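Coordinate inspection notes
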Amino acid sequence: MDFRKCFLTGCYSGLLPKAPGTWGSLFGLVTAFAILLFLPQSTLFLLSVLLTVIAIKEIDKYEKKTRRHDGSEIVIDEIAGIWIAVSILPDTSFVWLAFAFVFFRIFDVLKPSLIGKAEKRLKGGLAVMADDILAGFAAGISTGLVYVIYMKFF
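As the structure is a computational prediction, the values presented were derived from the model and not from experiment.

Here F99 is to be found in helix 5 (residues 94-110). F99 gets classed as partly exposed once you look at its relative accessible area, which sits at 32%. Between the C-alpha atom of F99 and that of G140, which follows or precedes it by 41 residues, the distance is 8.9 Å. Those residues in contact with F99 that lie beyond four places of it in its chain are T143 and V146.

Right, let's talk about the side chain of S25 for a bit. For S25, the location among the structural elements is in helix 2 (residues 20-36). Classification of S25 as buried rests on a relative accessible area of 0%. For S25, the residues in contact, after removing those within four places along its chain, are E78, I82, F101, F104 and R105.

What follows deals with unusual backbone geometry. Positive phi outside glycine occurs at Y12, with the angle close to 75 degrees. Along the chain, the position of Y12 falls in the loop between helix 1 (3-8) and helix 2. Despite not being glycine, S113 shows a phi value in the positive range, around 50 degrees. The topology assignment puts S113 in the loop between helix 5 and helix 6 (114-121). Overall, the relative accessible area of 55% leaves S113 in the exposed class.

Counting 35 residues, the largest nonpolar core has I59, I76, W83 and V86 as its most contacted members. At the level of elements, helix 1, helix 2, helix 3 (41-66), helix 4 (76-87), helix 5 and helix 7 (124-153) are the ones that each hand at least two residues to this core. Looking at this core, the element that brings in the most residues is helix 4, giving eight residues. Those residues in contact with W83 that sit more than four places away from it in its chain are G28, T31, A32, I35, L44, L47, S48 and L51.

Basis of the calculations
Residues numbered from 1 in each chain as written. Predicted model: local features only at pLDDT ≥ 70, side-chain atom pairs only at ≥ 80, totals over all residues. Heavy atoms only, no water. Helix = DSSP H or I, 4+ residues; strand = E, 2+ residues; numbered from the N terminus. Buried < 20%, exposed > 50% of the residue type's maximum accessible area, 1.4 Å probe, protein only. Contact = heavy atoms within 4.5 Å. Core = buried A, V, L, I, M, F, W, Y, C linked by side-chain atoms within 4.5 Å.

So, in C-alpha cells, the structure goes:
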C-alpha cells in the first residue's frame, strides 16, 4: 500500500470518478465529526494545523514524483480546510456542519479574494494547502455569522 497516496487522497476518496474535491470535503466532514465525538474543537483545530504541515511536505514529494501540480486526486487540502471550518464553529450540530460544508465548497470552488491569490502566488504544497485553509476560515466565519443572525432573530 502506498501510504503517501492514501494520505493525500483522503483514504482514496479523491480517486472517486466525479467531483473529487467534494468527496474529499465530505470525507473530511465525516472524520471531523468522528473526532469531535471524543475530542474538543480546539484539538481538531490543532490536528488541522499538524495535518497541514505534514501535507505540505508530502504534496511536494508527490508532485516531484508525478511531475504534476495540484492533481485533482489530492484532497488532503479539502480535509484540512473543512477541519478548520468545523473547528471554529459556534455549534457543531448537523445543520451547522451542513452550512460549513456548503460554504467551504463555495469558497473552495470560487476562490474569491485572498483565497485565489494564495493559490496563484505560492508554489508547491504550500499553494495547494493555502487556498483551502483560507476557504476553511472563510466558511467557518460565514457559518458563524449565519448562526449569530439565526440566534438573534429566531
